[in-house]
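# Fold and contact review
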Amino acid sequence: MSPSTRRQVIGWGLAGGTMTIVGAAGLWWGSRPQGVPLPPQGPPAADGSTAGDGTGPGTWAQPQVLASADGVLELDLEAAPSTVTIGGRPARVWAFNGSLPGPTLRVAPGDTLRVRMVNRLGEVTNLHVHGLHVSPEGSGDNPFVEIGPGESRDYEFVLPDDHPPGTYWYHPHHHGHVAEQLAAGLYGAIIVQDLDPVTVTRERVLVVSDLTLTADGDLAEPSPRERMMGREGRLVLINGQLQPRLEVAPGERERWRIVNACPSRFLRLTLEGQPMRLLARDLGRLREPVGTSTVDLAPGNRAEILVEATEGTSTLVAAPVDRGAMPGMRGGRRPGGTGPVDLLTLSVSGNQAQPPGDVSLGTAPRDLRGQDIARRRTLDFAMGGMGGGMMRGDGAMMSFTINGREYDAERTDVGVRAGDVEEWTLVNSSPMDHPVHLHVWPMQVIDNSEGAQDEPRWVDVVNVPAFGQVTVRVAFEDFTGRTVFHCHILDHEDLGMMGTVEVT
Ligand code: C2O
Ligand code: CU
Ligand code: CU
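First, a word on what this report is: a plain description of the structure on this page. (Residues numbered from 1 in each chain as written. Chains lettered and ligands numbered in written order. Predicted model: local features only at pLDDT ≥ 70, side-chain atom pairs only at ≥ 80, totals over all residues. Heavy atoms only, no water.)

### Let's talk about the sheet that holds strand E12 (residues 241-242)
Remark on secondary structure: sheet strands pair via backbone hydrogen bonds, oriented parallel or antiparallel. Judged by pairing direction, the sheet is mixed, and its seven strands sit side by side in the order E12-E11-E10-E14-E19-E16-E17 without closing on themselves. Each edge of the open sheet carries a strand with a single partner, namely E12 and strand E17 (290-292). Pairing between strand E10 (residues 202-211) and strand E11 (residues 235-238): four bridges, direction antiparallel. Residue pairing in the sheet places Asp210 in a bridge with Val236 of E11. (Pairing = 2+ DSSP bridges. Helix = DSSP H or I, 4+ residues; strand = E, 2+ residues; numbered from the N terminus.)

Quick look at the structure:
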């Protein structure tokens, strides 16, 4: 079966609905399946820009926006246990500055972002600015930093003047605890403004995350099996809310900046009844927005879409995505098998709005095809070591490797000369998809299992399907230093599927 056939939306329906058991404690409540009425909701925000806090189910909210002024944005980010309200009930999570998601950071190309990260968790953490093209060294986007409990650290991220606009995000990156800390609630959006604005009626940030809570509203522990598959939370939230409701007027054009902040869940988004155009994926902007009926986001991916509001009520739905199975697993016990999930209701009514005008063309993205390649490499992402069983004989989990090796922060796996363009063939020799992410330098997808690409396609997370491969090119320009690449199913990363790259 070709990967594209296998990746079609498959109606797992309720067959997979009993897939996971979380400890002995009862689960709280899951996101409602399609067609089940929403609980009562509070009044929607008039301008769609309220701070998200203490709201009941069905209420639209966005995180607080902190914007740079005079080229600088300076803030404290405190990671701490917090009680937030999800679906009208208290939930004890970990959050940045007490809000789920943390504040949205809005900067422009050329700006400096200074963050004092304060660790009030009982374990080591750190901070990563996912997708930003900034130095990985020193107090920059350094994934090797460790901030102990009670400690803090000052980060400084200096964006180049030609930094691509787009939607990025931040989250902790301490190896071994990344999935846990993300699933607990530690994430937030970063917006790098367009110098050439897109004409819209309004803009929204939609941070999609998932988590599982116990009946008491505590974070549930995933089982070893769930970690190996990549944990998928029972509740799928938008900006920390369950199934918010948006009300807009027909004819309005909205720009949605969508972040997949789930540790492992793949999102295949549909919004039936509303014309959608893809404006950007991960970084930069497409030259021209393209009409689409689905938006696919692997963990870590972002998309910006334009929605032209059309009379009626539509639901943003995450369809199940078949992302493969663990070795030895049988059908029906697959991740992504829990059926479609309603994420948001969009209700469009009232007087027809003025047409917002044309969307300007973006700048043509760079194209590394036809460029001299300094070096070609093959990186093989594999899972092994346990045959058909769950655990190895010594009780350790299955191994997750790149070129046969588990992550070692001390070892440099890939050495690159500064300024080189390299071509990497990412091979997946396992029966489960691995969305591969490289820090600092974006990747141009040259070829994936669906064939060669026409338009230059730039991403910072590219899904490598089970038993498939993807070829990318990377221009290792602007910065030197050491950083990482890894599977963005963050449990896989924590279990060893990460490597180091050093540019000198
Ligand atoms: Cu989104 Cu290495 O991370
Ligand atoms: Cu990253
Ligand atoms: Cu993986």
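From this point, the narrative continues.
### Describing the packing of aromatic side chains
Scanning the entire structure with this criterion turns up five aromatic pairs. Measuring from ring centre to ring centre gives 5.8 Å for Trp424 and Phe476, while their planes differ by 40°; the resulting arrangement is tilted. Highlighted residues: Trp424 in strand E25 (residues 421-428) and Phe476 in the loop between strand E30 (469-475) and strand E31 (481-487), separated in sequence by 52 residues. Cluster of aromatic residues (ring-pair linked, three or more members): Trp424, Trp441, Phe476 and Phe485. Over the aromatic face of Tyr155 sits the side chain of Arg153, whose NZ or CZ is 5.8 Å from the ring centroid. When the ring centre of Phe144 is taken as reference, the NZ or CZ atom of Arg482 above it lies at 4.8 Å. (Phe/Tyr/Trp six-rings, centres within 6.5 Å; stacked < 30°, edge-to-face > 60°. Lys NZ or Arg CZ within 6 Å of the ring centre and 35° of its normal.)

### Topic: the sheet that holds strand E18 (residues 295-297)
Spatially, five strands are ordered E13-E21-E20-E15-E18 in an open sheet, and the strand pairing comes out mixed. Edge positions in the open sheet fall to strand E13 (245-248) and E18, since each of these has one partner strand only. Pairs of neighbouring strands in the sheet enclose a mean axial angle of 20°, with direction left out of account. Bridge count for strand E15 (residues 267-271) against strand E20 (residues 312-319) is four bridges, and the pairing is antiparallel. Counted as the bridge partner of Leu271 is Leu316 from E20. (Axes fitted to C-alpha atoms, helices over the stretch in contact; angles between N-to-C directions.)

### Things to note about the coordination of the copper ion (ligand 3)
Of the protein atoms, only His434 (ND1), Cys487 (SG) and His492 (ND1) coordinate the copper ion (ligand 3), at distances of 2.0 to 2.2 Å. When the donors of the copper ion (ligand 3) are listed by position in the chain, the intervening gaps give H-x52-C-x4-H. Remark: Cys487 occurs in strand E31 and His434 occurs in strand E26 (residues 434-438); sequence separation between them is 53 residues. According to the relative accessible area criterion, His434 is buried, its value standing at 0%. Relative accessible area serves as the criterion here: at 0%, Cys487 is assigned to the buried category. (Donors = N, O, S within 2.8 Å, 3.2 Å for Na, K, Ca; no water. Buried < 20%, exposed > 50% of the residue type's maximum accessible area, 1.4 Å probe, protein only.)

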